[in-house]
Amino acid sequence: MSPTVRQRSKRMILDSIGVGLVGSTTPVFDIALRYCRLYSSVAVSSVYGKPGVKLSPTLAAFTNGVATHSMDFDDTWHPATHPSGAILPALLAASQMLPPNTKPNGLDFLLAFNVGLEVQGRLMHFSTEAHDIPKRFHPPSVVGTLGSAAATAKLLSLSSAQCCHALGIAASLAGAPMANAATQAKPLHVGNATRLGLEAALLAGRGMEANPLILDDIPGCSGFSAFYSVYQPKPLSAPGEHHEFLLEKQDIAFKRFPAHLGMHWVVDAALSVRNLFINYAGSFSPSLIRTIMLKIPVSKYINRPFPSSEHQARHSFQFNACAALLDGEVGLGSFSESSIHRQELRELLDKVVVEHPEDNVANFDKMYGEVALLLHTGDVLTGKCDTFYGHWRKPLSKESLLKKFRSNASHVLPEEKIEAIITLVDNLENLSDSSQLACSL
């Protein structure tokens, strides 16, 4: 792994832990935790934000995966998936599961993390359908499950044949429909991906076999192609030959606020036009606005004119644009019940009109967000964003990433523990025992 890969990996790990910690404060996390504690027998693995709680490895992975995606605050890649949340909880749980004399070191942990990223990224690059915002399957429930299986198979030092079977088993455990987006069930997609991938690796390690060709494109026989209508796998370099990790040339998107990635374009566009409006009128006065025009890509599940719950609000172009206009920011508090149902916000939502320009495609690498305010005076003010701050083309600075982590972690951990986790992640490749990271949570 190059210095770039290591550094980007550690940024992802730190951010993912932070969003998992703040996610441990959500109702959906509590539901998942109460469920898992019913079945916890071999309680050796830590749970985000609950220092006195231990679960079995697979249930700890599940619970922590739910926490990571509970606010839709976790990282996003291109083609679109949430890569860290599907693999990091499994690796943390597995690191605590192993006997003391076989604990993987920090460099082993980093390498396994990148194996999980690599499998997710390669599988998605094999499908043209996967490059656009998904319509059928939620990507982390598909590629995330296989990424988790690959990462934990690597960490557990399974044989080549066992790794192959782990991926085959994982393919039979993968997949969740997009219809559950904007509901409490959506975080289960990431929780199940990380848990079931770990289970696939554990089953393979104990002798279970699966179709060794399940990732190939076999005419007349659906394997991984069942998830993607256009699937054209390509061979990777053979062991021992030079291999460049995808993370080397493809950075990650980190979210500044807890909502679907598409919202970040319209929020930045809305903040831009809000500043123009204040310069124009002296203050933000909604009564001067006749129409709010949103120019966004076609994507049905995030086109929600009047969201009624926090999860719907996190998946609503209209809500996020109006919240940014009204408040001058979007943050954790924006998705509370009281914030969602404000009368002044509802009045702004009533003014929203949506357009879908042909050049604005549903693709996180090519889309843009545009917010235009049509005033009663006849004047028009416009803000546009084609790359928000946090996108892989415009990465968060180290200072911004640390600020986000500290803010998220402070909801459940004291300052000294927060700083200790930052130090552990920063020096991860030098740890002699990677389970120290899981134990610190």
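Note: the structure precedes this text.
The paragraphs below set out a description of the structure included in this document. None of these values were measured; they are calculated from a predicted model.

**Observations regarding the layout of surface pockets**
Considering only enclosed or pocket space, the largest pocket measures out at about 1300 Å³ in volume. Sorting the residues of the lining of the largest pocket by element identifies helix H5 (106-125), helix H6 (139-155) and helix H7 (160-171) as the ones contributing at least two each. Per element, the largest residue contribution to the lining of the largest pocket is six residues, and it comes from H5. In terms of residue class, the lining of the largest pocket is made up of 22 nonpolar, seven polar and eight charged. By volume, the second largest pocket is sized at about 350 Å³. Taken together, 18 residues form the lining of the second largest pocket, with Asp 132, Ile 133, Pro 134, Lys 135 and Arg 136 sitting closest to its centre.

**As for helix H16 (residues 415-426)**
Given a rise of 1.5 Å per residue, twelve residues ought to cover 16 Å, and the 17 Å separating the end C-alpha atoms of H16 matches this to within 8%. Buried within H16 are the following residues: Ile 418, Ile 421, Ile 422, Leu 424 and Val 425. Angularly, the buried residues of H16 cover 165° about the axis, an arc narrow enough to put them on a single face. Pointing more than 90 degrees away from the buried face of H16 are the exposed residues Glu 415 and Glu 416. Among the structural elements, helix H1 (3-23), helix H15 (398-409) and helix H17 (435-439) are those in contact with the buried residues of H16.

**Describing the side chain of Gln 120**
Following the sequence through the fold, Gln 120 ends up in helix H5. Taking relative accessible area as the criterion, Gln 120 reaches 0% and is therefore assigned buried. Among the polar contacts listed, one links the side chain of Gln 120 to the backbone oxygen of Pro 83, at a separation of 3.3 Å. With near-sequence residues (within four places) excluded, Gln 120 lies in contact with Thr 81, His 82, Pro 83, Ala 86, Ile 87, Val 143, Gly 144 and Gly 147.

**Some words on the packing of aromatic side chains**
The final tally for this structure, using the stated rule, is nine aromatic pairs. Look at Phe 126 and Tyr 231: their rings are 6.3 Å apart centre to centre, the planes differ by 65°, and that puts the pair in the edge-to-face class. Pair noted here: Phe 126 is in the loop between H5 and H6 and Tyr 231 is in the loop between helix H8 (186-205) and helix H9 (246-249), with a separation of 105 residues, a long-range link. With 5.2 Å between their ring centres and 80° between their planes, Phe 137 and Phe 227 make a pair best called edge-to-face. On the criterion of sequence distance, the pair formed by Phe 137 in the loop between H5 and H6 and Phe 227 in the loop between H8 and H9 is long-range, its members being 90 residues apart. Classification of Phe 137 as partly exposed rests on a relative accessible area of 25%. Judged by relative accessible area, which is 9%, Phe 227 ranks as buried. Within the aromatic cluster, the residues linked to one another by ring pairs are Phe 126, Phe 137, Phe 224, Phe 227, Tyr 228 and Tyr 231. One residue, Lys 384, lies across the ring of Tyr 368, its end atom 4.2 Å from the ring centre. A cation over an aromatic ring shows up here: Lys 404 above the ring of Phe 73, its NZ or CZ 4.3 Å from the ring centre.

**Topic: the environment of Ala 174**
As for its position among the elements, Ala 174 is in the loop between H7 and H8. Here Ala 174 is in contact with Ser 141, Val 142, Thr 145, Leu 146 and Phe 227, once residues within four sequence places are set aside.

Thresholds applied
Residues numbered from 1 in each chain as written. Predicted model: local features only at pLDDT ≥ 70, side-chain atom pairs only at ≥ 80, totals over all residues. Heavy atoms only, no water. 1 Å grid on protein atoms, 1.4 Å probe; cavity = no way out; pocket = protein on both sides within 12 Å on 5 of 7 lines; lining within 4 Å. Points joined across faces, edges and corners; volume = space filled by probe spheres on them. Helix = DSSP H or I, 4+ residues; strand = E, 2+ residues; numbered from the N terminus. Nonpolar A, V, L, I, M, F, W, Y, C, P; charged D, E, K, R; others polar. Expected span 1.5 Å × (residues − 1). Buried < 20%, exposed > 50% of the residue type's maximum accessible area, 1.4 Å probe, protein only. Arc of directions from axis to C-beta. Contact = heavy atoms within 4.5 Å. Polar contact = N/O pair within 3.5 Å; in protein donor to acceptor, adjacent residues only side chain to side chain. Phe/Tyr/Trp six-rings, centres within 6.5 Å; stacked < 30°, edge-to-face > 60°. Lys NZ or Arg CZ within 6 Å of the ring centre and 35° of its normal.

Function cannot be read off these values alone, since they describe shape.
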